[in-house]
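Each chain is listed here by its residues.
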Amino acid sequence: MAADRRRKEMKVMAASHWLVKSEPNSYSYADLERDGRTVWDGVRNNAAALHLKAMKEGDEVLFYHSQEGLAVVGVARVVRTAFPDATDPAGRFVAVELAPIRALAKPVTLAAMKAEPALAGMAMLRQSRLSVSPVSDAEWDVILKMAA
DNA sequence: GCCAACGTTGGC
DNA sequence: GCCAACGTTGGC
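In this text, all values refer to a predicted model and were calculated from it rather than measured experimentally.

Caption draft 1: Molecular detail of the protein's contact with DNA strand B. Taken together, Lys21, Tyr64, Ser66, Gln67, Leu70, Leu110, Lys114, Ser128, Arg129 and Ser131 make up all the residues around DNA strand B. The sugar and phosphate moieties of DNA strand B supply 73% of its atoms located within 4 Å of the protein. At 3.1 Å from a phosphate oxygen of DNA strand B is found a main-chain nitrogen or oxygen belonging to Gln67. One of the side-chain N or O atoms of Lys114 is found 2.4 Å from a phosphate oxygen in DNA strand B. Considering only residue class, the surface near DNA strand B consists of three nonpolar, four polar and three charged.

Below you can see the structure in the form of structure tokens.
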């Protein structure tokens, strides 16, 4: 039983991967590189907020450009776990802080991801409006390979 | 608690 | 600019 609990804790503690969307018009990956780190706030969706709350320091995050670009363009890292979003007057939602790790050598386009059978189950493809979504280890590896 | 109306996101 | 998906709101 103790072993069971330990296994569960290990699972919870294991590093996870995520994907966040941003319109480059309002905040691009280049902006993140320029700023060094940024508060990821303004998320007003419960499912997305749950994912923000599940993020741990050091988790790696794919940075996706929506509306324009339509591609994963960089990798970021969680540098501060969830805290109350100061831009939410009702105080219901949370924010995290992200820092840039690197821009991808080759952006991975939405079209390429849709065309890749290994990514058919990806959360962001199945629920296109979700602005913060989990990425499985397998999906993560596939996408980084596509970016090489 | 249901459901229609409405608003927002995001791809095309 | 349109439309699909989907979340939220508000009347009942």
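We are not done yet, so read on.
Caption draft 2: Broad picture of unusual backbone geometry. Even without being glycine, Gln67 reaches a positive phi, approximately 65°. Here Gln67 shows up in the loop between β3 (60–65) and β4 (71–84). Its relative accessible area of 58% is what places Gln67 among the exposed residues. Backbone geometry places Leu70, a non-glycine residue, at a positive phi of 50°.

What counts as what
- Residues numbered from 1 in each chain as written.
- Chains lettered and ligands numbered in written order.
- Predicted model: local features only at pLDDT ≥ 70, side-chain atom pairs only at ≥ 80, totals over all residues.
- Heavy atoms only, no water.
- Near = heavy atom within 4 Å.
- Polar contact = N/O pair within 3.5 Å; in protein donor to acceptor, adjacent residues only side chain to side chain.
- Nonpolar A, V, L, I, M, F, W, Y, C, P; charged D, E, K, R; others polar.
- Helix = DSSP H or I, 4+ residues; strand = E, 2+ residues; numbered from the N terminus.
- Buried < 20%, exposed > 50% of the residue type's maximum accessible area, 1.4 Å probe, protein only.

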